[in-house]
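# Secondary and tertiary structure notes
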Amino acid sequence: MGVLIKTLWYFIDTAISLYVMLLLFRLLLQKLHANYYNPLCQFVIRITSPVVTPLQRWLPTWKGFDTAVLVVVVALAATKFFIMGWMIFERTPRLLGLIVLSSGDVLQNIGHLFIFLIIGRVVLSWMHSPQLAPVMEVLYRLTEPTLRKVRRINPLIAGHDFTPFVVVLGVQILVAMIVTPIELYGQQLAFQIRPL
């Protein structure tokens, strides 16, 4: 595979993954009933509405989840792997492999989104600025339930809270142990390649 194709694939993969994370962020904001008028929420809604709003007319909400967002997330993941098949393996992926691969990719993006939210919360907590208060409000609301549970079993060390570090490390381990094998198996099924 040439350098140009690798670079192009990296750009496509990154762009689609970032947009999928924004869609998952929107889903999380809706599920946790975040303040709709918060500037961060408004930004996420505006940037994701062009692809979600047309589908919301036909797809109902299910148990608090906006199914239109879920459909777009899965469709984007599948599209990404169709492009991968044409660019890298020069073949169309098989359906079962595409489903497994797309599922693994969505799970990986959920893990990465959670890591970014925690890192964002930690970094912004060092900057004491009133302009950042709306962003901190959202990040706190999305990450605090998990951090609180881990904080109960993770004591302070010399007066410092290392809970965010522990959670980020835990998410990375889960992604490596569970999601990466799913994606490798999906690639094997989709493109009939042997694992490395």
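Heads up: the structure comes first, above all this text.
This section reports on the structure supplied with the text.

## A few points about the side chain of T163
- Of note, T163 is situated in helix α6 (residues 163-191).
- Classification of T163 as buried rests on a relative accessible area of 0%.
- T163 has contacts with L147, V150, R151 and N154, leaving out every residue within four places of it along the chain.

## Some details on helix α2 (residues 39-56)
- Most pronounced at S49, the bend in α2 amounts to some 70°, and the proline P50 follows within four residues.
- Of the surrounding elements, those touching the buried residues of α2 are α1 (3-31), β2 (65-66), α3 (67-89) and α5 (133-153).
- Between the side-chain oxygen of the N-cap and the backbone nitrogen of L40 there are 2.8 Å, and the N-cap of α2 in question is N38.

## Considerations on the pattern of salt bridges
- Summed over the entire model, instances satisfying the criterion amount to four salt bridges.
- Across the salt bridge formed by K80 and D105, the nearest N and O atoms sit 2.9 Å from each other. With a gap of 25 residues between them, K80 in helix α3 and D105 in helix α4 (residues 95-125) connect regions that are remote in the sequence.
- Its relative accessible area of 2% is what places K80 among the buried residues.
- What makes D105 buried here is its relative accessible area of 3%.

Basis of the calculations
- Residues numbered from 1 in each chain as written.
- Predicted model: local features only at pLDDT ≥ 70, side-chain atom pairs only at ≥ 80, totals over all residues.
- Heavy atoms only, no water.
- Helix = DSSP H or I, 4+ residues; strand = E, 2+ residues; numbered from the N terminus.
- Buried < 20%, exposed > 50% of the residue type's maximum accessible area, 1.4 Å probe, protein only.
- Contact = heavy atoms within 4.5 Å.
- Bend = angle between axes of the 7 residues up to and from the residue.
- Polar contact = N/O pair within 3.5 Å; in protein donor to acceptor, adjacent residues only side chain to side chain.
- Salt bridge = Lys/Arg side-chain N within 4 Å of Asp/Glu carboxyl O.

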